[in-house]
Amino acid sequence: MTRAAAPFPVADLVRLHERVLEWFDVAQRDLPWRRDASPWAVMVSEFMLQQTPVSRVLPVYESWLQRWPSPAALAADSPGEAVRAWGRLGYPRRALRLHAAAVAIVAHHGGEVPPALDDLLALPGVGSYTAAAISSFAFAGRHVVLDTNVRRVFARIAEGEQLPATSVTSAERGLATALLPATEAHRWAAATMELGALICTARSPRCTECPVADLCRWRAAGYPEYDGARRPTQSWDGTDRQCRGRLLAVLRDSAGPVAKPQLDLVWPDAVQRERALDGLVADGLVEPVGDDSFALPG
DNA sequence: GATTCGTGGGC
DNA sequence: TGCCCAAGAAT
């Protein structure tokens, strides 16, 4: 049970807002989803950016919106085409969920991305972060936007700790709420995310370039190292995830169904291979075709 | 809460 | 060179 950090004096809070927002004005990256993007474009970017770096998202984002410029356009195509276009972004279930979300938007919201947090949260693949982000960035809504960047920035500046806890606590959400400015909350959200992405980075923070270094409690405390529990490092070699990735890659790169013997070539362990393939089918990423073939979902 | 779920780049 | 990390969600 860690005691909540003392709140910022009002004067410091005002400085914090001013400096971060001013810094954002001059330092923010020129990203396509910030250039007068439609709500749908913002939504697509948020799905793709879940656990995925900007540099890898950019090309897929561009081609995706060119092909499917609206929820209706995506909904009219097959989920398998969404999975194929997702390419090697990773976590391909996101492609499936984005497609399902597009279908739901057409069915329940007249084909327009809804601005309300509740409506967004009800969409597949949209959790607390993504709902707040879409409502903030596409509709200038006022919400607490807690992504990995913002959590790290607040942990350092306000709590004096190197890194936030493994999962979001109610105290942390309370802190973020207390820090939310009365106006320009959507810009505050984008600015704090950008500060975390460019300056207050996980590994080698650029504190000399930080606009609020003098307000930072982690810095004032002498940069103590994080002592809490870490997310367990995920293994890769030999895992089901690696196997799933290989199987799906074969199907993505094939125009039509693939015979099972062809799939068998990419993974030596038959037991694990079957389990992974069953899992892909259960997830709706793959569907059986005929007796002995598999394809992306039609 | 703890796990599962891809992929690739940086240090 | 391995390890850590990247705009999380669902179960």
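Residues numbered from 1 in each chain as written. Chains lettered and ligands numbered in written order. Predicted model: local features only at pLDDT ≥ 70, side-chain atom pairs only at ≥ 80, totals over all residues. Heavy atoms only, no water.

Visitor: Whenever I open this one, the protein's contact with DNA strand C confuses me. Can you help?
Guide: Near DNA strand C there are 27 residues, and of these W33, L49, G125, T130 and R230 occur at the shortest range. By atom count, sugar and phosphate contribute 68% of the portion of DNA strand C lying within 4 Å of the protein. In this structure, E46 approaches DNA strand C through a side-chain N or O atom, which is 3.3 Å from a base nitrogen. At 2.7 Å, a backbone N or O of G125 approaches a phosphate oxygen of DNA strand C. Counting only elements with at least two residues in the surface near DNA strand C, the list comes to α2 (39-49), α8 (128-139) and α9 (148-157). In terms of residue class, the surface near DNA strand C is built from nine nonpolar, nine polar and nine charged. (Near = heavy atom within 4 Å. Polar contact = N/O pair within 3.5 Å; in protein donor to acceptor, adjacent residues only side chain to side chain. Helix = DSSP H or I, 4+ residues; strand = E, 2+ residues; numbered from the N terminus. Nonpolar A, V, L, I, M, F, W, Y, C, P; charged D, E, K, R; others polar.)

Visitor: Just checking my understanding: could you explain the packing of α2 against helix α6 (residues 93-108) for this structure?
Guide: Helices that pack against each other are described as a pair by the angle of their axes relative to one another and the distance between those axes. Where α2 meets α6, the axes come as close as 10 Å, and the angle between the chain directions of the two elements is 155°. Considering the angle they form, α2 stands roughly antiparallel to α6. Crossing handedness for the pair α2 and α6: right-handed. Across from W40, M43, V44, F47, M48 and L49 in α2, the residues of α6 making contact are R94, R97, L98, A101, A102 and I105. Classifying every residue of the contact of α2 with α6 gives ten nonpolar, no polar and two charged. (Axes fitted to C-alpha atoms, helices over the stretch in contact; angles between N-to-C directions. Parallel < 35°, antiparallel > 145°, perpendicular 65-115°, else oblique. Left-handed = near helix turned anticlockwise from the far one by under 90°. Contact = heavy atoms within 4.5 Å.)

Visitor: I would appreciate a short explanation of the state of the cysteines in the present structure.
Guide: What makes a disulfide is a covalent bond joining the sulfur atoms belonging to two cysteines. One pass over the full model with this rule turns up zero disulfides. Counting only cysteine sulfurs, C210 is the nearest neighbor of C200, a cysteine outside any disulfide, at a range of 6.4 Å. Lacking any disulfide linkage, C216 is separated from the closest cysteine sulfur, that of C200, by 6.5 Å. A relative accessible area of 12% places C216 in the buried class. (Disulfide = S-S within 2.5 Å. Buried < 20%, exposed > 50% of the residue type's maximum accessible area, 1.4 Å probe, protein only.)

Visitor: What am I meant to see in helix α11 (residues 185-198) here?
Guide: One turn of the α-helix equals 3.6 residues, which is why residues spaced by three or four share an orientation. For α11, built from 14 residues, the straight-helix expectation of 20 Å at 1.5 Å per residue is met to within 8% by its first-to-last C-alpha distance of 20 Å. Of all 14 residues making up α11, eleven are buried, and the element is well covered by its neighbours. Turning to α11, its buried residues number three or more, namely A185, R187, W188, A189, A190, A191, T192, M193, E194, L195 and G196. (Expected span 1.5 Å × (residues − 1).)

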